[in-house]
Amino acid sequence: MRTPLIVGNWKMNKTASEAAAFIRDLLERLPAAPSAEVVLAPPFTALESASRALGPDAWISLGAQNLHWEQQGAFTGEVSAPMLRELGCRYVILGHSERRLLFGERDEVIQKKIRTALTEGLAPILCVGESLAEREAGHTESVVTTQLNGSLAGLTQQDLATVTIAYEPVWAIGTGRAATTEQAVTVHRSIRLFVETGWNHETAAAIRILYGGSVTPQNAESFLASETIDGALVGGACLNPDSFATIVRIARTQKA
Ligand code: 13P
């Protein structure tokens, strides 16, 4: 009932021309199939060329990696939801740990961004996850719950229907040290329980929860075989068309 979702977060990689070449290559490797949804999140500067390369009948969706919560105004260096919509974005990644840690984004700001995304017609992909020190101190669940509370509080059931949550333990991002499937499943279950408690069973059963952090073609099968893991948020491995296509194929077969 939950369509699996594979998201490629390019982070600060690929120019506009590199994006177009990557997408042409990816489309040759990967025919369309409805069994898994695929989203690419290039940098802002590559969104337009990515959209053109995907074509008018695109089956891969575009996502942005951030937005500003206002629609327009004196916010030097920022990009708004209407700007992203006009370039064809349907999704937006919010609260990524790199935004939290390197750019000081706090839950209150992430909440504002989520609300803006929802009113502007962009589907938020909210990232949560603990640091290594927090995990070792046994605080994983409370850290994740605090992040969820801080960014989702007050949203309606209807809002939640467009939100995706990505569990990305900070210590697993870009380290080659992915969480074990069991570790991911445990946190995924507590996230679903959080949604069930805060909203209701129907909302919890419908919301997609992804895993992210050193996902590769080698370990994707184990994550995606789990009933509670609805897809992956992929960083490093999404920059190579072959490995990204392999992960999408694994999602298609595991979730068929
Ligand atoms: P890696 O797959 O490179 O660990 O990055 C994960 C990530 O941060 C995706 O948002």
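Here, the structure is the one placed above.
So, here's what we can say about the structure. (Residues numbered from 1 in each chain as written. Predicted model: local features only at pLDDT ≥ 70, side-chain atom pairs only at ≥ 80, totals over all residues. Heavy atoms only, no water.)

1. Some thoughts on the overall build of the chain
Quick reminder of the rule: Think of it this way: any DSSP run of H or I at least four residues long counts as a helix, any run of E at least two long counts as a strand, and we number them from the N terminus. For this measure, only C-alpha atoms enter the radius of gyration; the expected value for a globule follows 2.2 Å times N^0.38, where N is the number of residues. Working definition: with a 1.4 Å probe on protein chains only, accessible area under 20% of the residue-type maximum means buried, over 50% means exposed, and in between means partly exposed. What makes two residues a contact is simply this: any of their non-hydrogen atoms within 4.5 Å. As used throughout, the charge tally considers Lys and Arg to be positive and Asp and Glu to be negative, leaving His and the chain termini uncounted. By convention, the charge on Lys lies at NZ, on Arg at CZ, on Asp at CG and on Glu at CD.
What the chain contains, in helices and strands, is twelve helices and eight strands. Here the C-alpha atoms of the chain give a radius of gyration of 17 Å, agreeing with the 18 Å that 2.2 N^0.38 yields for 256 residues. In terms of its C-alpha atoms, the chain occupies a principal-axis envelope of roughly 45 × 45 × 35 Å. Expressed as a percentage of the 256 residues in the chain, the buried residues total 52%. Sequence separation of 24 or more characterises 74% of the internal contacts of the chain that already satisfy a separation of 6 or more. Each charge class in the chain was averaged separately, 22 positive and 27 negative side chains, and the resulting centres sit 2 Å apart.

2. Focus on the side chain of S226
Along the chain, S226 turns up in the loop between α11 (220-224) and β8 (231-234). On the basis of relative accessibility, which here comes to 12%, the residue S226 falls in the buried class. Once you skip the residues sitting within four places of it in the chain, S226 turns out to touch T181, V185 and K255.

3. Describing the site of the ligand
Our working rule: We call a residue near a molecule or strand whenever a single non-hydrogen atom of that residue lies within 4 Å of it. Side-chain atoms alone can form a polar contact between residues adjacent in sequence; in general such a contact is a pair of N or O atoms within 3.5 Å, and within protein one must be able to donate a hydrogen while the other accepts it. Note on areas: Shrake-Rupley with a 1.4 Å probe; residue coverage comes only from the protein chains shown. Under the scheme applied here, ten amino acids are nonpolar (Ala, Val, Leu, Ile, Met, Phe, Trp, Tyr, Cys and Pro), four are charged (Asp, Glu, Lys and Arg), and all others, including Gly, are polar.
The ligand sits among N9, K11, H96, E168, A172, I173, G174, G213, S214, L233, G235 and G236. Within the contact set of the ligand, an oxygen atom lies 3.0 Å away from a side-chain nitrogen or oxygen of N9. In this structure, an oxygen atom belonging to the ligand sits 2.7 Å away from a side-chain N or O atom of H96. Starting from 310 Å² of accessible surface for the ligand in isolation, the protein chains cover 95%. Taken together, the residues of the shell around the ligand break down into three nonpolar, seven polar and two charged.

4. Observations regarding the packing of aromatic side chains
Short version of the rule: Side-chain rings of Phe, Tyr and Trp, where Trp is taken by its six-membered ring, are said to pair if the distance between their centres is within 6.5 Å; with planes under 30 degrees apart they count as stacked, over 60 as edge-to-face, and otherwise as tilted. Whether a charge sits over a ring comes down to the Lys NZ or Arg CZ being within 6 Å of the ring centre and within 35 degrees of the ring normal.
Inspection of the entire model under this criterion finds four aromatic pairs. When the centroid spacing of 5.0 Å and the interplanar angle of 70 degrees are considered together, the rings of W10 and F22 count as edge-to-face. Of this pair, W10 sits in the loop between β1 (5-9) and α1 (16-29) while F22 sits in helix α1, and the two are twelve residues apart along the sequence. You'll find W10 and F22 in the same group, each marked buried. Joined through ring pairs, the aromatic side chains of Y167, Y211 and F223 make up one cluster. Seen from the ring of W10, K14 lies directly overhead, with NZ or CZ sitting 5.7 Å from the centre. Note that R99 overlies the ring of F103, its terminal NZ or CZ placed 4.2 Å from the centroid.

5. Brief notes about the pattern of salt bridges
Stated formally: Counted as salt bridges are all cases of a side-chain nitrogen of Lys or Arg within 4 Å of a carboxyl oxygen of Asp or Glu.
Across all of its chains, the model carries twelve salt bridges by this definition. Of the charged contacts in the structure, one is a salt bridge between K113 and E105, with a shortest N-O distance of 2.7 Å. By relative accessible area, which is 4% here, K113 ends up buried. Here the salt bridges do not stand alone but share partners, grouping R2, R192, E227 and D230 into one network.

6. Describing the pairing of strand β3 (residues 61-64)
Our working definition: Only when DSSP finds a minimum of two bridges between them are two strands counted as paired. Classification remark: right-handed applies to a crossover when, strands pointing away from the viewer, the course from the first strand over the helix to the second runs clockwise.
By the alternation rule, side chains of β3 split into S61 and G63 and L62 and A64, which are all buried. Note: strand β2 (residues 37-41) against β3, two bridges, orientation parallel. Residue pairing across strands places L40 opposite L62, the latter belonging to β3. On the question of chirality, the crossover connecting β2 to the parallel β3 by way of helix α2 (residues 47-54) is right-handed.

These figures come from the coordinates and say nothing about function on their own.
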